[in-house]
Amino acid sequence: WVHSLNYSLVLIAHVNSLLLSVVPSGYPCALLYRRFFFHQAPTVIHLYHAISGLSLAAFNFGTQLYHSALCVLVQFLMLRLMGRTITTVLASFMFQMAYLLSGYYYTATEEYDIKWTMPQCVLALKLIGLSFDYYDGGQEPSKLNEEQKRSALAKVPSLLEVIGFSYFYGGFLVGPQFTLRSYQRLVKGELTDCPGQPPNSVIPAMKRFSLGLLCLVIYAIFSPHYPDSYYLTDEYDAQPFWYRCVFILLWAKVILYKYVSCWVIEGVCILSGLGYNGLGQNGEYQWDACANMKVWTFETTPLFTGTIASFNINTNAWVARHVFKRLKFLGNKLLSQVTALAFLAIWHGTHSGYLLCFSMEFIIVNVERQAQALVRDSPLLTRLANSSLYPLIYLVQQFIHWLFMGYPLVPFCLFTYDKWLRVYSSIYFCGHIFFFTLYLGIPYLRKVLVPRKERSEKKED
């Protein structure tokens, strides 16, 4: 009971810090922008975003805001002095990542802390992406894909523009990621459903905020009952094997609401107009350009890939655009995937738990894709999947899904080798055994369940 109380107090302190930044700061800043600055000159808007964002940084991190300010200044000088070269991109990548990793190293503890490295990891991607977009602006359009064309920069941005972009109150603390081109369109007043007027985005923003607040309440209520520290107690070790596994399942559902609430509650981008995404297929205006979560998909998908696709969307899109797709020259999709996941692990921090988490994600995703291909190619499994038994299959699939979604989250949240190894040992490395068994067994199942003709056509493809 005492431990739960202490945990709750720490949780409330962390939540209050974020809420004081997002709600009393972010939303009023967006409202002031709509009311007083929407029709102002770009220089005035950049200055407003710069001052409000720097004030937000000072409120949260005090004098430590110099870390982000230094990285922004260095990035601007690189663009100005080094030009549109691959050297600029590489220098930006190495400097921003080296600075971030150094910050992780010197501030690392064995607990989750809100410190200056939290917004710094968001800023690092933003500034590295800026160097890529500036480089793309000097390339032949025929060499760029549609995504790169939309993000490419025609000219070098001003220092004030880079500061406003970097410290924009809608994405400084926890994201989302967005390009300088999107920010420029916001400043020009183009991201609106009412040309020449602030967007009609108050109601969509409040809906998003309300959903985020609901997720936050769920997390605040249930998280004290599923603390990370329980894994390291003798009481957990003494529980039956099935209980330890079910605890991981329930813990994973609860712990992820911490991230869901932070991203969903951030409707500031919608309120300001940055979330404007044009008309959808049904003719309604969309406000999901900066959406970092697809909550309905997150809650209902029975697939690991579905959860990954609905979670931290903009960061995953950034890695796909600037790491995975840029490695096309390797000629090996699997190697590109491994490199992208390795980058994500390092970007999160220096603890071994991050590397183990993303290596498990690689294994799980590839096994799931093989299993999906097996179901698709096997007439028997296809009929079974489309039969009246599907609701039961769905429940079993969801149980497996969330049990083994929590499995790689254990090292992600416990960080260090001694902690996650103790937990994995207590459940006999069941996740590793399960997925490696499937990885080795699916080829044999294909021989039994997939007709020879289907296997032959698959090999030819």
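Analysis parameters
- Residues numbered from 1 in each chain as written.
- Predicted model: local features only at pLDDT ≥ 70, side-chain atom pairs only at ≥ 80, totals over all residues.
- Heavy atoms only, no water.
- Helix = DSSP H or I, 4+ residues; strand = E, 2+ residues; numbered from the N terminus.
- Rg over C-alpha atoms; globule rule 2.2 N^0.38 Å.
- Buried < 20%, exposed > 50% of the residue type's maximum accessible area, 1.4 Å probe, protein only.
- Salt bridge = Lys/Arg side-chain N within 4 Å of Asp/Glu carboxyl O.
- 1 Å grid on protein atoms, 1.4 Å probe; cavity = no way out; pocket = protein on both sides within 12 Å on 5 of 7 lines; lining within 4 Å.
- Points joined across faces, edges and corners; volume = space filled by probe spheres on them.
- Nonpolar A, V, L, I, M, F, W, Y, C, P; charged D, E, K, R; others polar.
- Patch = residues over 30% accessible without salt bridge, like charges linked within 9 Å, V, L, I, M, F, W, Y side chains within 5 Å.
- Areas by Shrake-Rupley, 256 points an atom, 1.4 Å probe, with all protein chains shown as cover.
- Arc of directions from axis to C-beta.
- UniProt positions renumbered as here; feature names shortened; annotations may be inferred.
- Core = buried A, V, L, I, M, F, W, Y, C linked by side-chain atoms within 4.5 Å.
- Axes fitted to C-alpha atoms, helices over the stretch in contact; angles between N-to-C directions.
- Parallel < 35°, antiparallel > 145°, perpendicular 65-115°, else oblique.
- Left-handed = near helix turned anticlockwise from the far one by under 90°.
- Contact = heavy atoms within 4.5 Å.

Engineer: So what about the overall build of the protein? Which residues, and what values?
Structural biologist: Within the protein one finds 22 helices and zero strands. Expected size for 461 residues packed as a compact globule is a radius of gyration near 23 Å; at 23 Å, the protein falls within 12% of this value. With the C-alpha coordinates aligned to their principal axes, the bounding extent of the protein is approximately 65 × 60 × 45 Å. Within the protein, the fraction of its 461 residues that count as buried is 51%.

Engineer: For the pattern of salt bridges, give the residues involved together with the corresponding values.
Structural biologist: One pass over the structure, following the stated rule, counts 10 salt bridges. With its nearest N and O atoms 2.8 Å apart, the salt bridge here joins Asp-237 to Arg-422. Here Arg-422 lies in helix 20 (residues 417-426) and Asp-237 lies in helix 10 (residues 234-238), a separation of 185 residues in the sequence. Residue Asp-237 is classed as partly exposed on the basis of its relative accessible area, which comes to 30%. Assessed through its relative accessible area of 31%, Arg-422 is described here as partly exposed. Because the salt bridges share partners, they merge into one network encompassing Glu-147, Arg-321 and Lys-325.

Engineer: Hey, could you go over empty space enclosed by the protein for me, with residue numbers and the actual values?
Structural biologist: Tallying each qualifying case throughout the model produces three cavities of 30 Å³ or more. By volume, the largest cavity amounts to about 70 Å³. Lys-126, Gly-129, Asp-133, Phe-178 and Thr-179 are the residues nearest the centre of the largest cavity, which is lined by 13 residues in total. Sorting the residues of the lining of the largest cavity by element identifies helix 5 (117-136) and helix 15 (313-324) as the ones contributing at least two each. Looking at which element gives the most residues to the lining of the largest cavity, the answer is helix 5, with five residues. The residue inventory of the lining of the largest cavity, partitioned by class, reads six nonpolar, four polar and three charged.

Engineer: Talk me through a nonpolar patch on the surface; I want residue IDs and the actual numbers.
Structural biologist: A contiguous nonpolar surface patch, about 430 Å² in accessible area, is contributed by Leu-73, Leu-77, Leu-81, Met-82 and Leu-159. When residues of the nonpolar patch are assigned to their parent elements, the largest contribution, four residues, is made by helix 3 (residues 66-82). Mapped onto the fold, Leu-81 is located in helix 3.

Engineer: Quick rundown of helix 8 (residues 180-187)? Include the residues and the values.
Structural biologist: Of the residues making up helix 8, those classed as buried are Leu-180, Tyr-183, Gln-184, Leu-186 and Val-187. The buried side chains of helix 8 occupy one side of the element, clustering within an arc of 155 degrees when seen end-on. Positioned one or two residues after helix 8, Gly-189 has a phi angle of 80 degrees, which is positive.

Engineer: Any details on the UniProt feature "transmembrane region" (unreviewed entry) in the protein? Residues and values, ideally.
Structural biologist: With numbering matched to this structure, UniProt assigns "transmembrane region" (unreviewed entry) to residues 12-33, 45-66, 86-106, 209-226, 241-260, 330-347, 392-417 and 423-445. Counting secondary structure, residues 241-260 comes out at 100% helix and 0% strand; the distance between its end C-alpha atoms is 29 Å. A distance of 32 Å separates the end C-alpha atoms of residues 423-445, which is 87% helix and 0% strand.

Engineer: I'd love a proper account of the nonpolar core, names of residues and values included.
Structural biologist: Grouped burial of nonpolar side chains is what soluble globular proteins tend to show. Of all hydrophobic cores here, the largest spans 120 residues; its most connected members are Tyr-169, Tyr-231 and Trp-251. Here this core takes 14 residues from helix 11 (residues 241-264), the largest share from any one element.

Engineer: Pulling in residues and values, what's your account of the packing of helix 5 against helix 7 (residues 159-167)?
Structural biologist: At a closest axis distance of 10 Å, the pairing of helix 5 and helix 7 adopts a crossing angle of 140 degrees. In this view, helix 5 runs oblique relative to helix 7, as classed from their interaxial angle. Note that helix 5 runs across helix 7; the crossing there is right-handed. Residues Leu-123, Lys-126, Leu-127 and Leu-130 of helix 5 pack against Val-162, Phe-165 and Ser-166 of helix 7. Among the residues making up the contact of helix 5 with helix 7, the classes are represented as five nonpolar, one polar and one charged.

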